[in-house]
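Below, each chain spelled out in residue letters.
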Amino acid sequence: MPHNRKNDVALNIGLLRALRSLLPPESVLVDAEDMRPFECDGLAVYRQLPMVVVLPETIEQVQCIMRLCHAQQVPVVARGAGTGLSGGALPLADGVLLSLAKFKRILSIDPHNAMATVQPGVRNLAISEAVATYGMYYAPDPSSQIACTIGGNVAENSGGVHCLKYGLTVHNILMLKVVTMEGDLLTIGAETLDSPGYDLLALMTGSEGMLGIIVEVTVKLLAKPERAQVVLAAFDDVVKAGEAVGSIIAAGIIPAGLEMMDNLAIQAAEDFVHAGYPRDAEAILLCELDGTHAEVSEYIATVRKILTGSGATEVRTAVDEAERQLFWKGRKSAFPAVGRISPDYYCMDGTIPRRQLPHVLRRISEMSAEYGLAVANVFHAGDGNLHPLILFDANKPGELERTEEYGRRILQLCVEVGGTITGEHGVGIEKIDQMCLQFNNTELAQFHAVKAAFDPSGLLNPGKAVPTLPRCAEFGAMHVHHGKLSHPELERF
Amino acid sequence: MDEQDISLALQQQVLDAFQNKTPLAITGGGSKSFLGRTAVHAQPIDISKHRGIVEYDPCELVLTARSGTPLQEIEAALAEAGQMLAFEPPHFGDSATLGGTIACALSGPRRPYSGSARDFVLGCQMLNGRGEILRFGGQVMKNVAGYDVSRLMAGTYGTLGILLETSLKVLPRPAASITVASECSAAEAIASMSGLLGKPYPVDGACYHGDRCYVRISGSAQAVKEARTRIAGDVVADAEKFWHALREHELPFFRHPSLSGKARLYRIMVKPATPPLSIEGSWLLDWGGAQRWLRSDEDIATLRRRVELAGGHVTVFRGGDRDEEIFQPLSGPLLTIHQRLKASFDPKNIFNRGRLYADL
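Here's a quick rundown of the structure.

How each quantity is defined
Residues numbered from 1 in each chain as written. Chains lettered and ligands numbered in written order. Predicted model: local features only at pLDDT ≥ 70, side-chain atom pairs only at ≥ 80, totals over all residues. Heavy atoms only, no water. Helix = DSSP H or I, 4+ residues; strand = E, 2+ residues; numbered from the N terminus. Rg over C-alpha atoms; globule rule 2.2 N^0.38 Å. Buried < 20%, exposed > 50% of the residue type's maximum accessible area, 1.4 Å probe, protein only. Contact = heavy atoms within 4.5 Å. Areas by Shrake-Rupley, 256 points an atom, 1.4 Å probe, with all protein chains shown as cover. Core = buried A, V, L, I, M, F, W, Y, C linked by side-chain atoms within 4.5 Å. Arc of directions from axis to C-beta. Disulfide = S-S within 2.5 Å. Phe/Tyr/Trp six-rings, centres within 6.5 Å; stacked < 30°, edge-to-face > 60°. Patch = residues over 30% accessible without salt bridge, like charges linked within 9 Å, V, L, I, M, F, W, Y side chains within 5 Å. Salt bridge = Lys/Arg side-chain N within 4 Å of Asp/Glu carboxyl O. Lys, Arg positive; Asp, Glu negative; His and termini not counted. Charge placed at Lys NZ, Arg CZ, Asp CG, Glu CD. Pairing = 2+ DSSP bridges. Axes fitted to C-alpha atoms, helices over the stretch in contact; angles between N-to-C directions.

Quick look at the overall build of chain A
The helix and strand inventory of chain A stands at 17 helices and 19 strands. Against the globule reference of 23 Å for 493 residues, chain A gives a C-alpha radius of gyration of 23 Å, in line with a compact fold. For the C-alpha atoms alone, the extent of chain A along its principal axes is close to 70 × 60 × 45 Å. Taking all 493 residues of chain A together, the buried fraction comes to 61%. The contacts of chain A with a sequence gap of at least 6 include a subset with a gap of at least 24, amounting to 71%. Taken as a whole, chain A presents about 17,500 Å² of accessible surface, with 53% of it coming from carbon and sulfur.

Looking at the nonpolar core
Counting 172 residues, the largest nonpolar core has A:Leu176, A:Leu200, A:Leu285 and A:Leu307 as the members making the most contacts within it. Once residues lying within four places of it in the same chain are set aside, the contact partners of A:Leu176 are A:Val154, A:Leu186, A:Thr187, A:Ile188, A:Leu201, A:Met204, A:Ile214, A:Glu216 and A:Val217.

Quick word on helix 6 (residues 186–196) of chain B
All names here are of chain B. Three or more residues of helix 6 are buried, namely Ala 189, Ile 190, Met 193, Ser 194 and Leu 196. One side of helix 6 carries all its buried residues, which in axial view fall inside an arc of 150°. Where helix 6 is buried, its residues meet strand 11 (203–209), strand 12 (212–219), strand 15 (282–286) and strand 16 (291–296).

Details of unusual backbone geometry
The phi dihedral of B:Glu88 falls on the positive side, at around 50°, and the residue is not glycine. Inspection of the secondary structure assignment puts B:Glu88 in the loop between strand 5 (83–84) and helix 3 (98–103).

Considerations on the state of the cysteines
Residue and element names in this part refer to chain A. Taken as a whole and assessed by the stated rule, the structure comprises one disulfide over all chains. Here Cys 436 is linked by a disulfide to Cys 472, with a sulfur-sulfur distance of 2.1 Å. Handedness here is read from the sign of the S-S torsion; for Cys 436 and Cys 472, about -80°, the answer is left-handed. In this pair, Cys 436 is assigned in helix 15 (residues 435–438) and Cys 472 in helix 17 (residues 469–478), connecting sequence segments 36 residues apart. Looking at Cys 436, the relative accessible area reads 3%, which means it is buried. With a relative accessible area of 0%, Cys 472 lands in the buried category. We note that Cys 69 lacks a disulfide partner, and the nearest cysteine sulfur, in Cys 64, lies 11 Å from it. Classification of Cys 69 as buried rests on a relative accessible area of 0%.

Section: the environment of A:Ser457
Residue and element names in this part refer to chain A. Looking at the secondary structure, you find Ser 457 in the loop between helix 16 (441–454) and helix 17. Note: C-alpha distance between Ser 457 and Pro 75 (382 residues apart in sequence) is 9.4 Å. Leaving out residues up to four positions away in the same chain, Ser 457 has contacts with His 70, Gln 73 and Met 181.

Here's the deal with the packing of aromatic side chains
Residue and element names in this part refer to chain B. Tallied over the full model, the rule gives 17 aromatic pairs over all chains. Summarising the aromatic geometry, the rings of Phe 34 and Phe 92 are spaced 5.6 Å apart at their centres and angled 75° between planes, so their arrangement reads as edge-to-face. You can see Phe 34 sitting in the loop between strand 1 (24–27) and strand 2 (43–46) and its partner Phe 92 sitting in the loop between strand 5 and helix 3, a full 58 residues away along the chain. Judged by its relative accessible area of 25%, Phe 34 is partly exposed.

As for a negative patch on the surface
Judged by side-chain charge, B:Asp299, B:Asp321, B:Asp323 and B:Glu324 come together as a negatively charged surface patch. On the secondary structure map, B:Asp299 appears in the loop between strand 16 and helix 9 (300–309).

Examining the sheet that holds strand 3 (residues 76–79) of chain A
Residue and element names in this part refer to chain A. The mixed open sheet is built from four strands, whose spatial order is 1-2-4-3. Taken across any chain shown, the strands that pair with only one partner, and hence form the sheet edges, are strand 1 (28–29) and strand 3. Note: strand 1 against strand 2 (residues 52–54), two bridges, orientation antiparallel. Following the sheet pairing, Leu 29 is matched in strand 2 by Val 53. Running at roughly 170° to strand 4 (residues 96–99), helix 3 (residues 59–72) makes contact with strand 2, strand 3 and strand 4 of the sheet.

In structure tokens:
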């Protein structure tokens, strides 16, 4: 619901005074200069300074802040490392920005029960590093894993290149401690494999800071595979590469990672990190197999046979760990690599049923010509998650607007073929209008009702993730020229 | 229109019930009617005729089926393509349906190693208590648009709405499987099963029953062969039968005469490495020690106190007074959220009232 707080200066001062009595001076920021680092997340085209930034360091402090804000009806936006790509942590001018940066302790590691309990500000990679000594790791590995924190991973249900085999964040956590808008501390999930009552853990994961503030996370740990090996295959046609993916899966193999890049992405990555990719290929596939020694050897042989049979022009198995890392480095640096060849780029995040890949890539390429904007495609081929990167120059008048419209049409296309507008980056503020394409009014109303069950006053991250019905009506009116009205039953204004 | 699609007729029944505030009891194959609490007396709404596999493309690893589809039919279709439901759901009877399996969130021996019923849910179509047909999630592996209502539906025992259709992630069946067993004490079994969690071996089942620790190893032919040399124990003949009997509660342990008398079958969830609990009764440990079955006369209140101390929770799975709280009671603030969520889906409280908790 839209938030209409009276912009009352006296009230702000009252709140500030209360916050300052609660937290040390360096943990309450109000100067624009101090708050600048918090004005945006990874989607930097949206920027907004909050009313105040607070940096609590105990759960009790978070509870007190929430009670204060609830009493004064001030909205709160939670923030982890700020690496999110959909503007989910964008502050509100009249709101509190609650940073969890000081919650960075690993509280316990329990290898016998394959779990670890950490504070939300612990970096994703730091968990795997801390448990490596037990031969274990935390599976989800979003590309930002060096910097992103586990609290944000839970809020966004982050994935990574290994999620076809190992799942998303929702599959790899056991328990959360959450502070509600009213300041109550809830334990959601359990240290056991399931917990009594509704599966609120599933609901909380990916809820984009709309339902509660995550203050503690218990993650599941896995045994580190004995061996991982990657095969690189080049194709002169993206359709053949797509078919090869289907054939690998049909053969009963679930690769640990299965990534595809198109020619522009290959070239950009090759120029940047010299991964040894074949520059003239229309597409490459990276297929990683992991498991025990014998298992990996068996799968590598099978996968090589399938790739060759699918018409690959070249099939290469990384000869050693260094080459394996290099193959991955090219893929993992695809985004910054594209950043080097274009002043700006806009990363999309749709998911499609894999069989639709040839059709979707053809349409993306047709639209690329229509808008006069180049696009590089990076694809989590195993799970259908497509990242078209639209290249543009924000300094050229009108180009950002054209890019955004192109991006919207790509997402619309994903929905039309039975996919979704966001596979892993979240809705945030960025894709709030596209939610109207994927969900109808009754579904959106149900989402609002779910939020109200946790946050009846609607003060947690208002305006994100789920659009209001009037907003969808306006969006439908704006985009009527692209197709049928999405909400013909609503009045237009 | 597809005659196996009766969603509009079901919708009309819910709309009428909403209008008249008539409580409804959702029924499918009836195989799981013994689970949960005694719901308040209600008009039955039968989803078993809403059936059929709507979409299944083995290459996509996704199957979508209507709730009334027999689990057997789904498993047969998957087996034909060399795939399976990797959470190995118990059927508890030939009439088991997909809807009931998801609504009760039942998973079998593979659960700790591959994931639970809810883990494999990708999307659903449901009828809420206002008679609205809603779709959440989708038919793709990764989807973070909107709250994860489809996974929330797993384990709600029909209290939030009627599942019409569910999309599930499916997986290839392992090419090979072998089970080894060795004689040991419960404490030794717990230590060795929890030790396996730290090893990269392709284990997909571990239980302790009748003084023996059983470990199932599944994967590629080479992987199984290799793991066999690393995990001690004698190869069990006819192992498939054993795991099936364990999953379906057909082992003599679950059919003991005392269960028709005073004894109850308790499901006790603890951290897997928890040492044996000194509670009087007969034990069977599944899920590598994480799910423990206890046949005992011990009263539920005493039992809950003891298990809570170990950080676990208890369900009265079979027997006992089905009017008391069968599932572990919720703390105050959590119960409030549950009640508000229930009201948000089912404002007139018509669905399966009291089946999960007396106050829900």
